[in-house]
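Residue-level listing of the chains:
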Amino acid sequence: MARKKASEESSEGTWLNTYADMVTLLLTFFIMLFSMSATNNANKSQEVMTDSIEQSESAVQTAGGSVDIKETLPEDFDELYTYIKAYVEENKLSDSIGVEKGQGVVYIRFKDSIFFDPDRFELKSSSRGTLDFLGNCLKNVEDQIMTININGHTASVDNMYYPVSDWRLSSQRASSVAIFLADEKHLDPQKIIPIGYGKNYPIDTNTTAQGRKNNRRVDMMILSNDIELADKDLLDRFLTGTFDTGKYPQFGGSKDVLIP
């Protein structure tokens, strides 16, 4: 009888061990499922955050809310500055393109290197994306634009035998931008005014390489039909650096200067 009882106790212990192993395996299985679920949720959250960041980078805040500059264009002149500024920031072009605005005016300053090779007036192929975006924006609000003034500027080089004329180069560069907008983007050529100022209106010193680099530029001034600035304010604020505003024009007003 003692031998039989010992056998029964041994059998009962084996069953309990098997049951404990099964419970342990089930617990491990559920822990593994939970871990996989948590990982998937974390990945999805990261994807959503990434999508949100990417969308916000190309979003523009306007009076009507956020819009995507890759999918839409400005609907009126008031949105023109916002779209161009967002494009510059999104493409990390702030070191090459400056954008400012006034009442009825958008002012853009391009360093010459973004459009042209040294001493050349042909547009670089890498510049066409920027001009294409700008041209599309201008075309979409063309009926609200009075003029698109394109001013070419060069730097003074201390070499009387320098083979390139600063007058010719600045004029050709301004014309290259004008031709692109007129021929490629089909903007009204009567609204486009390209002018070359040569080396005569520097914004920095010509005694250093960096100063001369800053002086080589293409300035663009886009005027709205609804501009309400007084003539003197317009000339002083937006045409300073292009000619002596204290002497010219002596008759008429700012529109006589801006429109032939």
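Residues numbered from 1 in each chain as written. Predicted model: local features only at pLDDT ≥ 70, side-chain atom pairs only at ≥ 80, totals over all residues. Heavy atoms only, no water.

Caption draft 1: Representation of the overall build of the chain within the structure. The secondary structure content of the chain amounts to eight helices and seven strands. Counting the 260 residues in the chain, one finds 35% classified as buried. For the chain, long-range pairs separated by at least 24 residues make up 66% of all intrachain contacts whose partners lie at least 6 apart in sequence. As displayed, the chain offers around 16100 Å² of accessible surface, 52% of which is attributable to carbon and sulfur atoms. (Helix = DSSP H or I, 4+ residues; strand = E, 2+ residues; numbered from the N terminus. Buried < 20%, exposed > 50% of the residue type's maximum accessible area, 1.4 Å probe, protein only. Contact = heavy atoms within 4.5 Å. Areas by Shrake-Rupley, 256 points an atom, 1.4 Å probe, with all protein chains shown as cover.)

Caption draft 2: Main features of the layout of surface pockets. Taken as a whole, the largest pocket encloses approximately 350 Å³ of empty space. If you trace the largest pocket, you find 20 residues lining it, with D119, A155, V157, Y162 and R216 closest to the centre. For the lining of the largest pocket, the secondary structure elements donating two or more residues are helix 3 (112–115) and helix 5 (166–184). Of all the elements, helix 5 adds the most residues to the lining of the largest pocket, at three residues. Each residue belonging to the lining of the largest pocket can be placed in one class, and the counts come to seven nonpolar, five polar and eight charged. (1 Å grid on protein atoms, 1.4 Å probe; cavity = no way out; pocket = protein on both sides within 12 Å on 5 of 7 lines; lining within 4 Å. Points joined across faces, edges and corners; volume = space filled by probe spheres on them. Nonpolar A, V, L, I, M, F, W, Y, C, P; charged D, E, K, R; others polar.)

Caption draft 3: Main features of helix 2 (residues 77–90). Helix length check: helix 2 (14 residues) gives 21 Å between terminal C-alpha atoms against 20 Å at 1.5 Å per residue, within 8%. For helix 2, every residue scored as buried is listed here: F77, E79, L80, Y81, Y83, I84, A86, Y87 and V88. The opening residue of helix 2, the one whose side-chain oxygen lies 3.1 Å from the backbone nitrogen of D78, is D76. Once helix 2 finishes, K92 follows within two positions and takes phi at roughly 55 degrees, a positive value. (Expected span 1.5 Å × (residues − 1). Polar contact = N/O pair within 3.5 Å; in protein donor to acceptor, adjacent residues only side chain to side chain.)

Caption draft 4: Layout of the pairing of strand 3 (residues 97–102). Bridge analysis of strand 3 against strand 4 (residues 105–111) gives six bridges, and the strand direction is antiparallel. If you follow I97 over to strand 4, its bridge partner there is F110. (Pairing = 2+ DSSP bridges.)

Caption draft 5: Local environment of unusual backbone geometry. The backbone of K92 sits at a positive phi, close to 55 degrees, despite the residue not being glycine. Residue placement: K92 occurs in the loop between helix 2 and strand 3. Of note in the backbone geometry, H186 takes a positive phi value of approximately 60 degrees without being a glycine. Relative to the helices and strands, H186 is located in the loop between helix 5 and strand 6 (192–196).

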